[in-house]
Amino acid sequence: MTKDYFAGPVAERYDSTLGEWGDPEVVAATADFLAELARDGAALELAIGTGRIALPLAARGVPVHGIDLSEDMVAQLRAKPGGAEIPVTIGDFATTRVGEGFSLAYLVFNTIGNLTTQDVQVACFENAAAQLAPGGCFVVEVGVSAREPLRVFALSDTHVGIDEYDAATQRLVSHHFSLVDAQWELRSIPFRAVSPAELDLMARLADLRLRERWSGWKREPFTAESRRHVSVWEKL
């Protein structure tokens, strides 16, 4: 991911567009799950953004280091209480390295899909694994791709979200129509849809093995009906 799709006004409005992912209960469940995996070690957040997860995780006593491409998103993090204390490296999270020995690396909210080729997604797994201590875990939260070519994923008076999916290429484009200052604005972001099985293969290439997979942060069972998954791979 080399283009910053979250610059300027997008970063400024980002937290207000999170929907259910901004719900305090969802955030708390996410931070609790990750804190348990981090144990007494440090965590690395790939695509730290505005600190939605990093700040509550740090508040649970876990040292967090972040990587993010968008300086504007990180500026939003810095403006929040405690945000200035979290070290962040500006760079592409698929390749940027900040150290070794992390107990946990994590990538949430569908962001693995922002890497739009298989090669770059594989590189992300390798990058995460290289920065983990033996026995450390890499966590990815991502939706399970819908099979229909068009799917409405958000619908309100001020925001309409439509996913456009091409099964032949695994290309997915999320179109966001947002009402801003009485005018509708369109923002389209490309993704690469990826199945749980393909992610498991990427993990194997990086010497990671699947430890657990759930359909949510409260460890709900993952089934054929699940629309997303939280997967945990462990470094061998």
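So, a few notes on the structure that sits alongside this text. (Residues numbered from 1 in each chain as written. Predicted model: local features only at pLDDT ≥ 70, side-chain atom pairs only at ≥ 80, totals over all residues. Heavy atoms only, no water.)

1. Digging into the pairing of strand β9 (residues 183-192)
Where strand β8 (residues 171-180) and β9 come together, 10 bridges link them in antiparallel fashion. Directly across from Val173, in β9, lies its bridge partner Pro190. (Pairing = 2+ DSSP bridges. Helix = DSSP H or I, 4+ residues; strand = E, 2+ residues; numbered from the N terminus.)

2. So, the environment of Arg78
Inspection of the secondary structure puts Arg78 in helix α4 (residues 71-78). For Arg78, a relative accessible area of 32% translates into the label partly exposed. Placed 76 residues apart in sequence, Arg78 and Thr2 show a C-alpha to C-alpha distance of 22 Å. Those residues in contact with Arg78, other than ones at most four positions away along the chain, are Gly83, Ala84, Ile86, Pro87 and Val88. (Buried < 20%, exposed > 50% of the residue type's maximum accessible area, 1.4 Å probe, protein only. Contact = heavy atoms within 4.5 Å.)

3. Let's talk about the pattern of salt bridges
Following the criterion strictly, the structure yields 12 salt bridges and no others. Taking the shortest distance from any N to any O, the salt bridge between Glu198 and Arg192 comes out at 3.0 Å. The pair formed by Glu198 and Arg192 is uniform in burial state, with each residue classed as buried. Connected through salt bridges with shared partners, the residues Glu36, Arg211, Glu212 and Arg219 form a single ionic network. (Salt bridge = Lys/Arg side-chain N within 4 Å of Asp/Glu carboxyl O.)

4. Brief notes about the sheet that holds strand β4 (residues 102-107)
Pairing in this open sheet of 7 strands is mixed, and the strands run β3-β2-β1-β4-β5-β11-β10 from one edge to the other. Because the sheet does not close on itself, it has two edges, and the strands there are β3 (88-90) and β10 (208-214). Across the sheet, the axes of successive neighbouring strands diverge by a mean angle of 20°, strand direction being ignored. Here β4 runs beside strand β5 (residues 132-143); their pairing, made up of 5 bridges, is parallel. For Leu107, the partnering residue across the bridge sits in β5 and is Val140. Set on the sheet, helix α5 (residues 118-130) makes contact with β1 (43-46), β4, β5, β10 and β11 (228-235); between it and β5 the angle comes to about 145°. (Axes fitted to C-alpha atoms, helices over the stretch in contact; angles between N-to-C directions.)

Scope: geometric values only; no functional claims are made or implied.
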